[in-house]
Amino acid sequence: MNLTSARESLKKYYGYDTFRPMQEEIIQTIYDQKDALVLMPTGGGKSVCYQIPAVTMEGTCVVISPLISLMKDQVESLRANGINAAFLNSSISGAEQRAVEDDFFNNNIDLLYVSPEKMVSSSFFPLLQRTKINLFAIDEAHCISSWGHDFRPEYTKLQFLKNQFPNIPIVCLTATADKLTRKDIISQMNLQEPSVFLASFDRPNISLDVRPGQKRIEQIIDFIKKRPQSPGIVYCLSRKNTEDVASKLQAKGIKAMCYHAKMPAIARSDVQEDFINDNISVVCATVAFGMGIDKSNVRWVIHYNLPKNVESYYQEIGRAGRDGAKAEALLFYSFRDVQVLRSILTENGGDLMDVKLAKLDRMLQFADSLNCRRKILLNYFNENLDQDCGNCDVCKNPPNYVDGTVIAQKALSAVVRLKERVGIRMLIDVLRGSGRKEIFQNGFHNIKTYGAGRDFSYNDWQYFITQLINLGLLEMAYDQNNTLKVTPVSKEVLFSKRTVKLVRFVSKKEQKELDKVKYQTKTKKQVLQDELFEILRTLRRQLAQKEGVPPYLIFNDATLQEMAEKRPAFDAEFKAISGVGERKLVRYGNYFMDAIRNFIKTKTDEGQKVKGSTYVLTYLEYENGATPQQIANARGIAPMTVYGHLATLYERGIDIDVSKYVTNKEIDQILSQIDKMTPPFTLTQVQEALGGQIAYHKIKFAMAHQARAEV
Ligand code: ADP
Ligand code: ZN
């Protein structure tokens, strides 16, 4: 097997022009009959790594996957691309299973998805032995390791594969595996000198944004209203939160539902179905939501509360943008969240409490960071990003740094002089020289730093102190009424051995002004594109409903976006869109191209200039039965131009009945004349050589005929 046929199949079945980083190398490894371990983030494109070998090599690829609920989806999506796939698990009847087994045995299946239980059952083994298998793919391979967080005992029995089928390569794939888990997968599966592929965990299409958790509901409503129809998830900490948020969104006319573990199973699966099918756009859920679904067009994830660690956060935001199109992650947090999480962890206690608290701190550091967030995130997973990402709130809105050393010294010295017995509010009041009664009662007005911070507003100080806490210069004693304490590092600052960088608070009003400059109004092109995207999305949903499949299975958002941008109106252009394979071109092409052509016409009728519209407008008239002369009149262009359009369309393989304009005999006559001439030549020269009797447009059509035949 070679990579050329792999590339051809990628285009043919999936409509993609190029492999993503590593996919090619992984496929080559499989072609070389070697074992492989693949670590790629969700949405990275793991499936293609075994599906392409499966369709290009002789025999069947057996895929072991623990997610029974996803198998049907995966198989349907493969079939929609024209690939022979089937699945075997306990969700189908015995008769159905036997039919699939027959197909498998008769080598009619390229990809067979099997549950681990089925795989290790003794009844299935003889069939495996007697069938031509080209590859075993172990999906969610971390399930094999008791170190991983999803341990599945049946997975450990899969050891028999290497022993019984030593010559069949095994590829293990997962999106989460630390070093220990990786080692475990290799040894438990008995992989033979496997090639290990570690892809970057970066998901550059997901923008990152963190905001203080004030007025969250208002902010969320505002966010959703700016993105109508875009499906998204709001993750909440508690069941009650999910209900609250959902009902508040509903009250504003947003199609939102809640989802949590205490709901009846039927209600839960209804919500899931409705979300998958784009019938509701927002789910307010606890973290359990999203595990078993494969919806690729989730456009945003909001965290209503701070997640308890970076791993969870990353996994949850990873449910957005699996199709590679732009997606957004927005995190809200407040100290209150941290207090709640801390007290939950402390109350639960247990061996790992310290680790968990430390992880929470790392999460907080991320949320409070004044550096590129993606850098911090990837850093957490031991990856280094050379440059700032440009797609997080910090990068987009670089903080306003000031030399904070003196500011920090004032605050720290006040904390010391107040005997570490006050909280944030009192500290700020003292610094700002407030006349509050308690200050005088306690004699706080006598300390040296009383009023030393008058030149900053309350908000400024609050912002500074938060940063000091996050820099480790102040500590909040959660168990002592949230009073502030100095730390060992504070001393270094107090004695001027260390400088501090702080960021100025930006008020909402100032922020609005900044945003205005930054987010200019959309260009005309963008408006047009968005409008067409909505039309295509509606069409996709209608088709999906008719066929009873999830919309993203027809085309994913990235493909739809490209269509909206490029407006392919004819087969040749449509085929060139990433995500349009042969099967989907035949099955859906005309629906989408019709919609695009009509859009172009409507916009032109409205007086807008639409790039590339002229062929489309000619074609639409032609399709309605107009003659070239009529088309020319209707469009106010020369008949020769119309002929030119029709000839070009014909050349590009579009159904134009040229026999109306030129006979076969004439074509033969023209082409045999052209054969005798050496290019380059003009139409006039051809016409003269033919004795001046044949019309230009006929020569054009004859030449188009020849060119079409050559394509
Ligand atoms: P994973 O299993 O790693 O979560 P998938 O295999 O589901 O990821 O792929 C995620 C998305 O990326 C899918 O929509 C898939 O069709 C798309 N994709 C995969 N490979 C390519 C490629 N080479 N070019 C464009 N899109 C791709
Ligand atoms: Zn960044």
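First things first, this report covers the structure right here in the doc. On a predicted model such as this, the values are computed, not experimentally measured, just so you know. Here the residue numbering is sequential within each chain, running from 1 through the sequence in written order. The order in which chains are written sets their letters, starting at A; the order in which ligands are written sets their numbers, starting at 1. The predicted origin of the model limits local features to residues at a pLDDT of at least 70 and limits the giving and counting of side-chain atom pairs to 80 or more, whereas totals for whole chains, interfaces and linings rest on all residues. The side-chain values count all of the structure's non-hydrogen atoms but skip hydrogen atoms and water molecules.

Right, let's get into the overall build of the protein chain. Counting secondary structure elements, the protein chain contains 35 helices and 17 strands. Counting only C-alpha atoms, the protein chain reaches 110 × 70 × 50 Å along its principal axes. Per-residue burial over the protein chain gives 51% buried out of 711 residues. Note on contacts: a residue pair qualifies if any of its non-hydrogen atoms lie within 4.5 Å across the two residues. Within the protein chain, counting contacts between residues at least 6 apart in sequence, those at least 24 apart form 70% of the total. Here the positive residues are Lys and Arg and the negative ones are Asp and Glu; neither His nor the chain ends is included. A charge is said to be at NZ when it belongs to Lys, at CZ for Arg, at CG for Asp and at CD for Glu. Taking the average place of the 94 positive charges on the side chains of the protein chain and the average place of its 82 negative ones, the gap between the two points comes to 7 Å. Working definition: helices are DSSP H or I runs of at least four residues, strands are E runs of at least two. Numbering for both runs from the N terminus. For the exposure calls, accessible area comes from a 1.4 Å probe over protein chains only, and a residue counts as buried if that area is under 20% of its type's maximum, exposed if over 50%, partly exposed in between.

This brings us to the sheet that holds strand S10 (residues 256-259). An order of S8-S13-S12-S9-S11-S10 is seen for the six strands of this open sheet, with the pairing classed as parallel. Each of the sheet's edge strands pairs with one partner strand only, and the pair in question is strand S8 (206-212) and S10. Across this sheet, the average inter-strand angle for adjacent strands is 15°, counted without regard to direction. For two strands to be treated as a pair, DSSP must find no fewer than two bridges joining them. Both strand S9 (residues 232-235) and strand S11 (residues 282-285) contribute to a ladder of four bridges, which runs parallel. Here the axes come from fitting lines to C-alpha atoms, over the contacting stretch only for helices, and the angles between their N-to-C directions go from 0 to 180 degrees.

Turning our eyes to something else, we now look at the side chain of arginine 540. Along the chain, the position of arginine 540 falls in helix H25 (residues 524-547). You can call arginine 540 buried: its relative accessible area is 0%. In protein, a polar contact means a hydrogen-donor-capable atom and an acceptor-capable atom, both N or O and within 3.5 Å, with residues adjacent in sequence counting only if both atoms are side-chain atoms; elsewhere, any N or O pair within 3.5 Å suffices. In this structure the side chain of arginine 540 is engaged in a polar contact, spanning 2.9 Å, whose partner is the backbone oxygen of phenylalanine 555. Apart from residues no more than four positions distant in its own chain, arginine 540 is found in contact with Asp278, Asn297, Pro551, Tyr552, Ile554, Phe555, Asn556, Asp557, Leu560 and Phe592.

This paragraph deals with the packing of aromatic side chains. Only Phe, Tyr and Trp rings are paired, with Trp represented by its six-membered ring, and only when their centres lie within 6.5 Å; those with planes under 30 degrees apart are stacked, over 60 edge-to-face, the remainder tilted. Enumeration over the complete set of coordinates arrives at 22 aromatic pairs. Centre to centre, the rings of tyrosine 661 and phenylalanine 701 are 5.1 Å apart; their planes meet at 15°, and the pair counts as stacked. Of this pair, tyrosine 661 sits in the loop between helix H32 (639-651) and helix H33 (664-676) while phenylalanine 701 is found in helix H35 (residues 696-710), placing the two residues 40 residues apart along the sequence. Phenylalanine 701 shares its class with tyrosine 661; the two are buried. Among the aromatic residues, those joined into a cluster by ring pairs are Phe125, Phe136, Phe160 and Phe165. Two conditions define a charge located above a ring, namely a distance within 6 Å from the ring centre to NZ of Lys or CZ of Arg, and an angle within 35 degrees of the ring normal. In this structure, arginine 227 packs its charged tip against the face of phenylalanine 223, placed 3.7 Å from the ring centre. Over the face of the ring belonging to phenylalanine 275 we find lysine 295, whose NZ or CZ atom lies 4.8 Å from the ring centre.

Another point: the site of ligand 1. A single heavy atom is enough: if one lies within 4 Å of a molecule or strand, its residue is considered near that molecule or strand. Near ligand 1 lie 15 residues; those nearest to it are Tyr16, Thr18, Gly43, Lys46 and Ser47. The backbone of glycine 44 places a nitrogen or oxygen atom 3.4 Å from an oxygen atom of ligand 1. Interatomic distance of 3.4 Å between a side-chain N/O atom of asparagine 556 and an oxygen atom of ligand 1. In this description, accessible areas are obtained by the Shrake-Rupley approach with a 1.4 Å probe, and a residue is regarded as covered only by the protein chains that are shown. Relative to its free-state accessible area of 570 Å², ligand 1 is covered by the protein chains to the extent of 83%. The element that contributes the greatest number of residues to the shell around ligand 1 is helix H3 (residues 46-56), accounting for three residues.

Attention now goes to unusual backbone geometry. In this structure, proline 680 follows proline 679 across a cis peptide bond, with omega equal to 0°. For arginine 567, which is not glycine, the phi torsion reads 50° and is therefore positive. The class for arginine 567 is buried, based on a relative accessible area of 14%.

What follows covers the pattern of salt bridges. We define a salt bridge as a contact between a side-chain nitrogen of Lys or Arg and a carboxyl oxygen of Asp or Glu at a distance within 4 Å. Applying the stated criterion to the full structure yields 33 salt bridges. Notably, a salt bridge pairs aspartate 17 with lysine 11, separated by 3.3 Å at the nearest N-O pair. Residue class for lysine 11 comes out partly exposed when judged on its relative accessible area of 25%. A salt bridge links glutamate 101 to lysine 118, with the shortest nitrogen-to-oxygen separation between them at 3.0 Å. Taken together, the residues span a long stretch of sequence, with glutamate 101 in helix H5 (residues 94-105) and lysine 118 in helix H6 (residues 116-119) at a distance of 17 residues. For the pair shown, glutamate 101 and lysine 118 are each scored as buried.

Looking now at the side chain of serine 369. With respect to the secondary-structure elements, serine 369 resides in the loop between helix H16 (353-368) and helix H17 (373-380). What makes serine 369 buried here is its relative accessible area of 8%. Not counting residues up to four positions away in its chain, the partners in contact with serine 369 are Ile376 and Val394.

For helix H2 (residues 23-31), the full list of buried residues reads Gln23, Ile26, Ile27, Thr29, Ile30 and Tyr31. Summarising the contacts, the buried residues of H2 are in contact with helix H1 (3-14), strand S1 (36-39), H3, strand S5 (133-138), strand S6 (170-174) and strand S7 (195-198).

Below, the discussion takes up the coordination of the zinc ion (ligand 2). In the first shell of the zinc ion (ligand 2), the protein supplies Cys372 (SG), Cys389 (SG), Cys392 (SG) and Cys395 (SG), at 2.3 to 2.4 Å from the metal. Between the four donor atoms coordinating the zinc ion (ligand 2), the angles at the centre fall across 102 to 120°, so the site counts as tetrahedral. Sequence spacing of the donor residues for the zinc ion (ligand 2), all on one chain, is C-x16-C-x2-C-x2-C. Note on cysteine 389: relative accessible area 23%, which makes it partly exposed. Water is not among the atoms examined, so metal sites may look incomplete; donors are the N, O and S atoms within 2.8 Å of the metal, or within 3.2 Å for Na, K and Ca. Only two sets of limits are used to name each site, 85 to 135 degrees for every angle of a tetrahedral four-donor site, and over 155 degrees for opposite donors with all other angles from 65 to 115 for a square planar four-donor or octahedral six-donor site, with any other site named irregular.

Further remarks concern the environment of valine 245. Summarising the element assignment, valine 245 is placed in helix H12 (residues 239-251). With 237 residues separating them along the chain, valine 245 and glutamate 8 place their C-alpha atoms 48 Å apart. Valine 245 has contacts with Ile217, Val234, Cys236, Cys284 and Tyr304, leaving out every residue within four places of it along the chain.

The quantities given are spatial measurements derived from coordinates; they are silent on function.
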